[in-house]
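Residue strings, one per chain:
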Amino acid sequence: MKITFTINGEARSIDTDGEAPLLWVIRDGLNLKGTKYGCGKAACGACTIHVDGMQVRSCSYPAKFAEGKEITTIEGLSRGDKLHPVQQAWMDEVVPQCGYCQPGFMMATAALLNEIPNPTDEDIDNNIINVCRCATYYRMRKAIHKAAALAAQNPSE
Amino acid sequence: MNTTKILYSIFLGLVMSSLILWSSDVNTSDHIIVPPTEIENSPFDLMMQVLTHQRCVNCHPAGDRPRKGDDSHITRSLGIPRGNDGHGLQSISCGTCHTTQNNDYSGVPGAPDWALAPESMTWEGKTRVEIAEQMMDPQRNGGKTPQEIMKHLTEHELVLWAWEPGIDAEGLPREKPPVSKEDFIKAVKEWMASGAIIPEA
Ligand code: FES
Ligand code: FES
């Protein structure tokens, strides 16, 4: 079936099996490889994207539900050349180890900051439940607080 | 009504009255009386066989976290608290992973209005009688009338999902409740029509 949506600000149409995971459409159909496949069971969060501003695990999201929606992947998180506060904080705190899980964590964090601009540790524990095989959780926590501070300094971002 | 039917009705009436009289005599700790609604395969029994099945109880858990699987376990990915409205938290919610349909690729179940039941409707760890009392109590059931409860049980897609639970993450079909959907709906309607009598605890 034909599915039309906006991805990272660009209108796209694609012919695909409507039941296929949106993750396959993004990675294989649109060649946006930043979103990762981890478990395929909505358990790890590596495939996290935003659909109409809400975080969604794209390995478990049928492509047909993307019709008419606004999708953001890690490639669309920055504002042009300007890094998103989450990206800046991730660099400042040197969060990644192998890096595989990081796009998912960053998308989950951006979604968290949209809802809770200044999250407590408890907010982070409750809302960020992705999995990192390299256990970078400690640095991520610091980066999440830093991203909140950066966003507060520059509210337009 | 012909004579045979009249005689038969009188006979049945006599048998029932003597049973009631007999039961009031023997209601002691070593002679437990089974109330009529607790009879095996009675409408109450059939309804409760379903409502106490993990397909229902997993989303009526004690505490704040949904349960998963035929063993009703908690996983990290289901560590999301119920939040204020049973749909999860501000940025991570049921809809992060669940949609309005089962997903055969990921094994993630889904149905319209996928959510946890409110805390006042916790079923896990409760007896059949406690569940029924809670379900019919407007203070705890979200202000629902018996008619609305019946509609919820017999028509709501989220409830009826129990008979189309899809496959799990290993690709194996999820267990369905032990009573068929048709028999469950019939039982609920019969139980409601006969006054929704809850047996004594
Ligand atoms: S790949 Fe989607 S949650 Fe793991
Ligand atoms: S950085 Fe390696 S899995 Fe998270």
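Bear in mind the structure is a predicted one, so any value in this text is a computation, not a measurement. (Residues numbered from 1 in each chain as written. Chains lettered and ligands numbered in written order. Predicted model: local features only at pLDDT ≥ 70, side-chain atom pairs only at ≥ 80, totals over all residues. Heavy atoms only, no water.)

Moving on: the interface of chain A and chain B. Counting residues at the interface gives 30 residues for chain A, matched by 21 residues for chain B. With both sides pooled, the region where chain A packs onto chain B buries about 2,100 Å², and carbon together with sulfur makes up 52% of that total. Inspection of the chain A/chain B interface yields one salt bridge. Here Glu170(B) and Lys41(A) are joined by a salt bridge, their closest N and O atoms 3.7 Å apart. Taken together, the links from chain A to chain B amount to ten residue pairs in polar contact (both at pLDDT 80 or more). (Contact = heavy atoms within 4.5 Å. Buried area = accessible area lost by both parts, 1.4 Å probe. Salt bridge = Lys/Arg side-chain N within 4 Å of Asp/Glu carboxyl O. Polar contact = N/O pair within 3.5 Å; in protein donor to acceptor, adjacent residues only side chain to side chain.)

All names here are of chain A. Evaluation of the coordinates by the stated rule reveals 14 salt bridges over all chains. Glu 19 serves as the salt-bridge partner of Lys 64, at 2.6 Å between the closest nitrogen and oxygen. Remark: Glu 19 occurs in the loop between β2 (10-15) and α1 (22-29) and Lys 64 occurs in the loop between β4 (54-57) and β5 (70-72); sequence separation between them is 45 residues. When its relative accessible area of 32% is taken as the criterion, Glu 19 is described as partly exposed. Beyond isolated ion pairs, a larger network of salt bridges with shared partners links Asp 121, Asp 125 and Arg 141. (Helix = DSSP H or I, 4+ residues; strand = E, 2+ residues; numbered from the N terminus. Buried < 20%, exposed > 50% of the residue type's maximum accessible area, 1.4 Å probe, protein only.)

A few words on the packing of helix α6 (residues 146-155) of chain B against helix α8 (residues 181-193) of chain B. Helix-helix packing: each pair is described by the crossing angle between the helix axes and the interaxial distance. All names here are of chain B. Contact pair α6 / α8: the axes reach a minimum separation of 10 Å and the direction vectors enclose 170 degrees. Compared by their axis directions, α6 and α8 come out roughly antiparallel. Together, Pro 146, Ile 149, Met 150, Leu 153 and Thr 154 of α6 and Phe 184, Ile 185, Val 188, Lys 189 and Met 192 of α8 make up the contact between the two elements. Grouping the amino acids of the contact of α6 with α8 by side-chain chemistry returns eight nonpolar, one polar and one charged. (Axes fitted to C-alpha atoms, helices over the stretch in contact; angles between N-to-C directions. Parallel < 35°, antiparallel > 145°, perpendicular 65-115°, else oblique. Nonpolar A, V, L, I, M, F, W, Y, C, P; charged D, E, K, R; others polar.)

All names here are of chain A. As far as domains go, chain A holds domain 1 (2-76) and domain 2 (85-153). Measuring from the centre of the C-alpha atoms in domain 1 to the corresponding centre in domain 2 gives 21 Å. With 18 residues of domain 1 at the contact, the number on the domain 2 side is 15 residues. Counting each side, the surface lost to burial between domain 1 and domain 2 is near 1,200 Å², with a carbon and sulfur contribution of 58%. At the junction of domain 1 and domain 2, the tally comes to zero salt bridges. The tally of links between domain 1 and domain 2 comes to five residue pairs in polar contact (both at pLDDT 80 or more). (Domains from an automatic or database assignment.)

This brings us to the nonpolar core. If you look at soluble globular proteins, the nonpolar side chains tend to sit buried side by side. Core analysis: the biggest nonpolar cluster contains 28 residues, and Met47(B), Leu51(B), Met135(B), Leu153(B), Phe184(B), Trp191(B) and Met192(B) have the highest contact counts within it. If you list the elements that add at least two residues to this core, you get α2 (43-51), α5 (128-136), α6 and α8 of chain B. Grouped together as the second largest cluster of nonpolar side chains are 24 residues, Ile74(A), Ile116(A), Ile128(A) and Ile144(A) included. (Core = buried A, V, L, I, M, F, W, Y, C linked by side-chain atoms within 4.5 Å.)

On to the environment of Asn58(B). Residues and elements named next belong to chain B. Mapped onto the elements, Asn 58 comes out in the loop between α3 (54-57) and α4 (94-97). Linking Asn 58 and Pro 165, residues 107 residues apart in sequence, is a C-alpha distance of 12 Å. The contacts of Asn 58, once residues within four sequence positions are left out, are Pro 66, Arg 67, Lys 68, Gly 69, Ser 72 and Leu 116.

This next bit is on the pairing of strand β1 (residues 2-7) of chain A. Residues and elements named next belong to chain A. Residues Ile 3, Phe 5 and Ile 7 point to one face of β1 and are all buried, whereas Lys 2, Thr 4 and Thr 6, pointing to the other face, are not buried. Judged from the two bridges that link them, β1 and β5 form a sheet pairing that is parallel. Within β5, the residue paired with Ile 7 across the bridge is Ile 71. (Pairing = 2+ DSSP bridges.)

All names here are of chain B. Summed over the entire model, instances satisfying the criterion amount to zero disulfides over all chains. Unpaired in this structure, Cys 56 has its nearest cysteine sulfur neighbour in Cys 59, at a distance of 8.9 Å. Overall, the relative accessible area of 11% leaves Cys 56 in the buried class. No disulfide involves Cys 94; its nearest neighbouring cysteine sulfur is the one of Cys 59, lying 7.9 Å away. (Disulfide = S-S within 2.5 Å.)

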